[in-house]
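Letter by letter, the chains look like this.
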Amino acid sequence: MLGLGVERLQADINRLLASLFHQGVLDEQFLQLQQLQDETSPNFVYDVINIYFDESEKLLRNLRLLLMDREFSDYKKIGLHLNQLVGSSSSIGARRVRNVCVAFRSASELRNRPGCLRGLEVVEHEYHYLKNMMHELFQLEQQRLLAAGVRYPM
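Note that this is a predicted model, so its numbers are computed, not measured.

Calculation rules
- Residues numbered from 1 in each chain as written.
- Predicted model: local features only at pLDDT ≥ 70, side-chain atom pairs only at ≥ 80, totals over all residues.
- Heavy atoms only, no water.
- Helix = DSSP H or I, 4+ residues; strand = E, 2+ residues; numbered from the N terminus.
- Buried < 20%, exposed > 50% of the residue type's maximum accessible area, 1.4 Å probe, protein only.
- Contact = heavy atoms within 4.5 Å.
- Areas by Shrake-Rupley, 256 points an atom, 1.4 Å probe, with all protein chains shown as cover.
- Axes fitted to C-alpha atoms, helices over the stretch in contact; angles between N-to-C directions.
- Parallel < 35°, antiparallel > 145°, perpendicular 65-115°, else oblique.
- Nonpolar A, V, L, I, M, F, W, Y, C, P; charged D, E, K, R; others polar.
- Disulfide = S-S within 2.5 Å.
- Core = buried A, V, L, I, M, F, W, Y, C linked by side-chain atoms within 4.5 Å.
- Phe/Tyr/Trp six-rings, centres within 6.5 Å; stacked < 30°, edge-to-face > 60°.
- Lys NZ or Arg CZ within 6 Å of the ring centre and 35° of its normal.
- pLDDT = per-residue confidence, 0-100.
- Expected span 1.5 Å × (residues − 1).
- Arc of directions from axis to C-beta.
- Polar contact = N/O pair within 3.5 Å; in protein donor to acceptor, adjacent residues only side chain to side chain.

**Looking at the overall build of the protein chain**
Secondary structure summary: the protein chain contains six helices and zero strands in total. The N-to-C order of helical and strand elements in the protein chain reads α-α-α-α-α-α. Looking at the protein chain as a whole, 38% of its 154 residues qualify as buried. Expressed as a percentage of contacts within the protein chain between residues at least 6 apart in sequence, the contacts between residues at least 24 apart total 68%. Put simply, the protein chain shows about 9,000 Å² of open surface, and 54% of that area lies on carbon and sulfur atoms.

Here it is in structure tokens:
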């Protein structure tokens, strides 16, 4: 009976991942990240994704603070933050976050404040969707490991 639970959970994980790839939320870079995980680093993907979320939260907070300043005019600083977010999103396979960051960066290059405000909203929306989906994925993975009787320290 234990095996059926593991199989069902693995099927749920596979369906969720297939959906995220189909929606364009993730790309092949995420698969490459998963391939780096092994018995010696069983939490590798979880750790890398959590570092991404921690750093991205800081970048998004900085972007919001910059854009909330009515006297703001340093669009180059916005571009630098967005370059970091594009790079880190690319490195974990967060395709939709990366793509909306590129569009946001275009608005900043045009010094388009309303476009930047809208870009920030879209980036935050995509970021939170990704974060929620990764949380769901990691919960399923943890349940699968528990059902299989595998214990990894978190």
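**Section: unusual backbone geometry**
Of note, arginine 111 is a non-glycine position whose phi angle comes to about 60°, a positive value. Its place among the elements puts arginine 111 in the loop between helix 5 (95–109) and helix 6 (113–148).

**Section: the packing of helix 5 against helix 6**
Between helix 5 and helix 6, whose axes approach to 9 Å, the crossing angle comes to 170°. By the angle between their axes, helix 5 is roughly antiparallel relative to helix 6. For the pair helix 5 and helix 6, the contacting residues are Arg96, Val97, Val100, Cys101, Phe104, Ala107 and Ser108 in the first and Gly115, Cys116, Gly119, Leu120, Val122, Val123, Glu126, Tyr127, Tyr129 and Leu130 in the second. Tallied by class, residues from the contact of helix 5 with helix 6 come to twelve nonpolar, three polar and two charged.

**Considering the state of the cysteines**
Considering all chains together, one arrives at zero disulfides under this definition. Lacking any disulfide linkage, cysteine 101 is separated from the closest cysteine sulfur, that of cysteine 116, by 12 Å.

**A word on the nonpolar core**
Judged by nonpolar contacts, the single largest core of 43 residues is most densely connected at Phe30, Ile49, Ile78, Phe104, Leu130 and Met134. Of all elements in the fold, only helix 1 (2–22), helix 2 (28–35), helix 3 (44–68), helix 4 (75–92), helix 5 and helix 6 reach the threshold of two or more residues within this core. Looking at which element gives the most residues to this core, the answer is helix 6, with eleven residues.

**Quick word on the packing of aromatic side chains**
If you walk through the whole model with that rule in mind, you get four aromatic pairs. Chaining the aromatic ring pairs together yields one cluster made of Tyr52, Phe53 and Tyr127. Taking NZ or CZ as reference, lysine 131 lies 5.7 Å from the ring centre of phenylalanine 53, over its face.

**Observations regarding the confidence of the model for the protein chain**
For the protein chain, per-residue confidence averages 92 on the pLDDT scale, and residues scoring 70 or more make up 94% of the total. Per-element mean pLDDT across the protein chain ranges from 89 in helix 1 up to 97 in helix 5.

**Focus on helix 5**
Taking 1.5 Å per residue as the helical rise, helix 5 with its 15 residues ought to reach 21 Å, and the 21 Å between its terminal C-alpha atoms agrees with that figure. Here helix 5 has its buried residues at Val97, Val100, Cys101, Phe104, Ala107 and Ser108. Take helix 5 and look down its axis: the buried residues cluster within an arc of 110°, on one side only. Contacts made by the buried residues of helix 5 are with helix 3, helix 4 and helix 6.

**Comments concerning the environment of arginine 113**
Checked against the element boundaries, arginine 113 lands in helix 6. Taking the relative accessible area as the measure of exposure, arginine 113 reaches 18% and is therefore buried. A C-alpha to C-alpha distance of 7.7 Å links arginine 113 and leucine 67, two positions 46 residues apart in sequence. With near-sequence residues (within four places) excluded, arginine 113 lies in contact with Leu67, Met68, Asp69, Arg70, Phe72 and Tyr75. Among the polar contacts made by the side chain of arginine 113, one reaches the main-chain carbonyl oxygen of leucine 67 at a distance of 2.6 Å.

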